[in-house]
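A structural walkthrough
Each chain, written out:
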Amino acid sequence: SLLLANCKPSPLPVLNIGCSSRRISTAAAQRDPPSEAAVDDFWRWLCERGAVAASSAATVKPGFVPEGLGLVAQRDLTRNEVVVEVPKRLWIDSDTVVASEIGRLCTGLKPWVSIALFLLRERALGTASPWHPYLDILPPTTNSTIFWSEEELSEIEGTQLLSTTMGAKEYVESEFVKAEAEVILPNKHLFPSAITSLDFLWAFGMLRSRAFSHGRGENLALVPLADLINHSSSITQEDSSWEIKGKGIFSRELMFSLRTPVHVKSGEQVYIQYDIAKSNADLAFDYGFVEQRPDWDAYTFTLEIGESDPFYGDKLDIAESNGLDETAYFDIALGCPLPPLMLPYLRLVALGGADTFLLESVFRNTIWGHLELPVSRANEEAICHVVRQACKSAFSVYHTTVEEDEKLMEGDNLDERLRIAVCVRAGEKKVLQQIDGAFRERESELDILEYYHERRLKDLGLVGQQGEIIFWESK
Ligand SMILES: C[S@@+](CC[C@H](N)C(=O)[O-])C[C@H]1O[C@@H](n2cnc3c(N)ncnc32)[C@H](O)[C@@H]1O
């Protein structure tokens, strides 16, 4: 049988981990957003420590902007001009942790966990920490869904974003429990103040929304000042706006260098494009904002070759030789065609009955080519059925219709988190409608599609272009 795994995220109970996010809001409220004095202190700290951009000829300065803090141009900037250069000694990364008092305890920890512990410990030290001018300007919260209250999360019920959020919170909680038992509690002298799972979630949120990394979670670094750069959708340049380079010929110190991708007038804010490949749900989860462009709406289909499939081994083998696996994820964006590997993979997963001869080893080199086109009516019908069923059941867990969401979005004084929720849930539904529509159309064409056997007969010259059987007699 065809197995379509968690194509619809299972309706998770809202907030099933030990901490209620109501408390997150309270905890956040206890820490104030940065004050002007804190920003001034931060600037002084950067100047004293020789952040290049903090010289008298500063190109940008931190400023209060609609997105919180941001980088404001101090003079006209030309496209690609370097606006911030931050030497490695000012970054907070794994090396910073290793060199610190808790370095010894952190060997073997995941890089993000050790940086989170470092941040929280330094934060608890208050003004005794050399990092306090930086820590003091970090926001107490963002609009990322990981910081939403139960009530706010109920607005994204049924969405993939809710599953992602809950999954991430559970993950962070489990990492906290481990770190608490293995690092924090046995070393009370190094962690004199209590660190809670809410603190840990805050640190995770900070890293997720403002750490630079190259490679998967590798080389994670908080780069003070550079991390004040906000995102703008109007910047469509896909190349990265930042790089890490060696400064000077004789200096070994690495330098984080950020450029403005566009010309900016004095007094205006410098923006970059965070990641053009991220969907609205990704943006809402990582940073706490969404974009208005429709192709930012996306839905991820997860397909799986079931272990109970009698042809499991053969199918897995074929999937693997084509760069796929037992489970495959397909991100489908609104207004975009289906990912090219999705139909062949679906047909492979659904392959059964009379079509399984294609799994025989003589076909091993050519099977993917066959799967790119309809294999048989039964197979094509099965994939249409399963996808449409999946769309239907995914649809059934949302509380609102696209029309209701769109109406809500017309109102302009919507609370920011509610606006994010409505935008993401409407987007997911629109993508599901699009997928369902595509497979409904395919279903209506089942009688006119050309299948493997007809193609084969044509190739052999046994069927004419109109599909008429060519008999020897007719020659
Ligand atoms: C790398 S930090 C940028 C500095 C941040 N504004 C601050 O006050 O510290 C990323 C965070 O900035 C905010 N942000 C950045 N771009 C934004 C945008 N286009 N709309 C809304 N918020 C944005 C979000 O809170 C995001 O999580």
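Residues numbered from 1 in each chain as written. Predicted model: local features only at pLDDT ≥ 70, side-chain atom pairs only at ≥ 80, totals over all residues.

**Some points on the domain arrangement of the protein chain**
- Taken domain by domain, the protein chain consists of domain 1 (21-272) and domain 2 (292-459).
- Between the C-alpha centres of domain 1 and domain 2 the distance comes to 38 Å.
- Of the residues in the side of domain 1 that touches domain 2, the class split is three nonpolar, five polar and three charged. (Domains from an automatic or database assignment. Nonpolar A, V, L, I, M, F, W, Y, C, P; charged D, E, K, R; others polar.)

**Describing the site of the ligand**
- Surveying the vicinity of the ligand reveals 17 residues, the closest of which are Gly68, Leu69, Ser209, Asn230 and Tyr287.
- At the level of secondary structure, the elements contributing two or more residues to the shell around the ligand comprise strand S2 (68-73), helix H8 (197-210) and strand S6 (230-231).
- Here the shell around the ligand takes three residues from S2, the largest share from any one element.
- Grouping the constituent residues of the shell around the ligand by class yields six nonpolar, eight polar and three charged. (Near = placed C-beta within 6 Å. Helix = DSSP H or I, 4+ residues; strand = E, 2+ residues; numbered from the N terminus.)

**Focus: the sheet that holds strand S8 (residues 254-259)**
- Across the sheet, three strands lie side by side as S3-S8-S7; this open sheet has antiparallel pairing. Sheet topology places strand S3 (82-87) and strand S7 (242-246) at the edges, where each strand pairs with a single neighbour. For this sheet the average axis-to-axis angle between neighbouring strands, irrespective of direction, equals 25°.
- Here S7 runs beside S8; their pairing, made up of five bridges, is antiparallel. Bridge pairing links Ile244 to Phe256 in S8. (Pairing = 2+ DSSP bridges. Axes fitted to C-alpha atoms, helices over the stretch in contact; angles between N-to-C directions.)

**Focus: the packing of helix H11 (residues 342-350) against helix H13 (residues 377-395)**
- Where H11 contacts H13, the axes come no closer than 9 Å and their chain directions differ by 105°. Comparing the axis directions of H11 and H13 gives the class roughly perpendicular. Touching Leu346, Arg347 and Ala350 of H11 are Asn379, Ala382, Ile383 and Val386, all from H13.
- Considered class by class, the residues forming the contact of H11 with H13 number five nonpolar, one polar and one charged. (Parallel < 35°, antiparallel > 145°, perpendicular 65-115°, else oblique. Contact = placed C-beta atoms within 7 Å.)

**Looking at the nonpolar core**
- If you look at the biggest cluster of nonpolar residues, it comprises 114 residues, and the most contacted ones within it are Val86, Ala116, Ala203, Val270 and Val424.
- With 10 residues, the single largest contributor to this core is helix H15 (residues 416-444).
- Mapped onto the domain boundaries, this core takes at least three residues apiece from domain 1 (21-272) and domain 2 (292-459).
- Beyond its immediate stretch of four places on either side in the chain, Val424 contacts Ile156, Thr159, Leu161, Asn280, Ala281, Ala284 and Val290. (Core = buried A, V, L, I, M, F, W, Y, C linked by C-beta atoms within 7 Å. Buried ≥ 20, exposed ≤ 12 C-beta atoms within 10 Å, placed from the backbone.)

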